[in-house]
Amino acid sequence: MARESGPTRAERQARTRELLVATARRLFLRDGYHATTLDRVAEAAGFSKGAVYSNFATKDELCQTVIDEVRAEQVGAVVEAIGGEGSPADRLAVFDAWAERTIGDPGWTLLEAEFAIHATRRDPALRARVAEGGRHWVRALAGLVEEEARRRGTVLPLPPEELAEALLSLGIGLGLRRAVDPGLSPHALTDVIRLVLQP
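About the criteria used
Residues numbered from 1 in each chain as written. Predicted model: local features only at pLDDT ≥ 70, side-chain atom pairs only at ≥ 80, totals over all residues. Heavy atoms only, no water. Domains from an automatic or database assignment. Contact = heavy atoms within 4.5 Å. Buried area = accessible area lost by both parts, 1.4 Å probe. Salt bridge = Lys/Arg side-chain N within 4 Å of Asp/Glu carboxyl O. UniProt positions renumbered as here; feature names shortened; annotations may be inferred. Helix = DSSP H or I, 4+ residues; strand = E, 2+ residues; numbered from the N terminus. Phe/Tyr/Trp six-rings, centres within 6.5 Å; stacked < 30°, edge-to-face > 60°. Lys NZ or Arg CZ within 6 Å of the ring centre and 35° of its normal. Patch = residues over 30% accessible without salt bridge, like charges linked within 9 Å, V, L, I, M, F, W, Y side chains within 5 Å. Areas by Shrake-Rupley, 256 points an atom, 1.4 Å probe, with all protein chains shown as cover. Buried < 20%, exposed > 50% of the residue type's maximum accessible area, 1.4 Å probe, protein only. Lys, Arg positive; Asp, Glu negative; His and termini not counted. Core = buried A, V, L, I, M, F, W, Y, C linked by side-chain atoms within 4.5 Å. Axes fitted to C-alpha atoms, helices over the stretch in contact; angles between N-to-C directions. Parallel < 35°, antiparallel > 145°, perpendicular 65-115°, else oblique.

Colleague: Explanation requested: the domain arrangement of the protein chain in the structure shown.
Modeller: Many structure descriptions define interface size as the accessible area lost when the parts assemble. Each assigned domain of the protein chain is listed with its residue range as follows: domain 1 (1-57) and domain 2 (59-197). Between domain 1 and domain 2, the C-alpha centre-to-centre distance is 29 Å. In this complex, domain 1 contributes 16 residues to the contact, which on the side of domain 2 involves 17 residues. It is R25, L29 and Y33 that lose the most area in domain 1 upon contact with domain 2, and together they represent 44% of the buried surface on that side. Counting every contact that joins domain 1 to domain 2 gives two salt bridges. R25 is the partner of E69 in a salt bridge, and the nearest nitrogen-oxygen pair spans 2.8 Å.

Below you can see the structure in the form of structure tokens.
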């Protein structure tokens, strides 16, 4: 009987990277960008610092990977909420529930702000990558708003990308304010979406 082979080198490397990202995500979201070091990530994940460097050249690259992962999940959640099935009111209710859970989440909100400030002050290439992340959000929101307007038979008051920029900026502002003042309601964002999508 042939002996089963273990995981390949590529599979082990992928698993190591996955564990490093998961560990870094937990630490970055809990402690922030500056307080989280590659040494702490390596120790918490049970690897050497060399294992971190064999997967990520810098802490910036690792943090950006974490932020990209969180953003992708949140874009997916917004797409599912606004672009899902059900009546317009049902879809906005799902989005409103997402906003209540997510906008102002201290870990994500403060990490995004801290990393954006760090990138802006330190490295033009990193700044450009952070800016592209914002543009990705705008493109996703513009597509959603345009599709929702089509479904409702609504004429948008602004071009979809301009409207998406305004909504994203409102969401970011609300997020920062809610991180400081958790009692603040995020429902203003849903109310604005409801207003612009009125037939």
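Colleague: Looking at this model, I keep getting lost on the UniProt feature "domain: HTH tetR-type" (unreviewed entry) in the protein chain. Mind explaining?
Modeller: When the UniProt feature table is mapped to this numbering, "domain: HTH tetR-type" (unreviewed entry) covers residues 14-74. The span residues 14-74 is 77% helical and 0% strand by assignment, and the distance between its end C-alpha atoms comes to 23 Å.

Colleague: Would you explain the packing of aromatic side chains in this entry?
Modeller: Here a ring pair, both rings aromatic, is described through the centre-centre distance and the interplanar angle of the planes. Tallied over the entire structure, the rule returns four aromatic pairs. Taken together, the ring pairs connect F28, Y33 and F115 into an aromatic cluster. Cation over ring: K59 sits above Y33, and NZ or CZ is 4.2 Å from the ring centre.

Colleague: Please clarify how a nonpolar patch on the surface should be interpreted in this entry.
Modeller: On the surface, L110, I172 and L176 cluster together into a nonpolar patch covering about 260 Å² of accessible area. Looking at the element boundaries, L110 is found in helix α6 (residues 106-122). Among the residues examined, L110 registers a relative accessible area of 44% and is labelled partly exposed.

Colleague: I'm lost on the pattern of salt bridges in this one. Help?
Modeller: Tallying each qualifying case throughout the model produces 17 salt bridges. Salt-bridge contacts for E148 lead to R91; the nearest nitrogen and oxygen are separated by 2.7 Å. Of the two residues, E148 is situated in helix α7 (residues 124-152) and R91 in helix α5 (residues 88-102); the sequence distance between them amounts to 57 residues. For the pair E148 and R91, a shared accessibility class is recorded, and that class is buried. What you see here is one network of salt bridges that share partners, running through R91, E148, R151 and R152.

Colleague: Is there a simple way to explain the side chain of K59 in this structure?
Modeller: Inspection of the secondary structure assignment puts K59 in helix α4 (residues 59-83). The side chain of K59 sits in the buried core without any salt bridge; D60 is the nearest counter-charge, 6.6 Å away. Once you skip the residues sitting within four places of it in the chain, K59 turns out to touch F28, Y33, H34, T36, T37 and L38.

Colleague: What am I meant to see in the nonpolar core here?
Modeller: Nonpolar side chains tend to gather and get buried jointly when the protein is soluble and globular. Ranked by size, the top nonpolar core spans 50 residues in total, and within it F28, L62, V78 and F95 carry the most contacts. Contributing elements (two or more residues each) for this core: α1 (9-31), α2 (38-45), α4, α5, α6, α7, α8 (160-180) and α9 (187-196). Counting the residues that make up this core, at least three belong to each of domain 1 (1-57) and domain 2 (59-197). Excluding anything up to four places from it in sequence, F95 contacts V78, A81, I82, L189, T190 and I193.

Colleague: What am I meant to see in the environment of A128 here?
Modeller: Inspection of the secondary structure puts A128 in helix α7. Judged by its relative accessible area of 40%, A128 is partly exposed.

Colleague: Quick question: what am I supposed to make of the packing of α1 against α4 here?
Modeller: How two helices sit against one another is set out by the angle between their axes and by the gap between those axes. Orientation of α1 relative to α4, taken along the N-to-C sense of each, is 85°, at an axis distance of 9 Å. With respect to each other, α1 and α4 are oriented roughly perpendicular. Of α4, the residues touching α1 (which contributes R17, V21, A24, R25 and F28) are K59, L62, C63, T65, V66, E69, V70 and E73.

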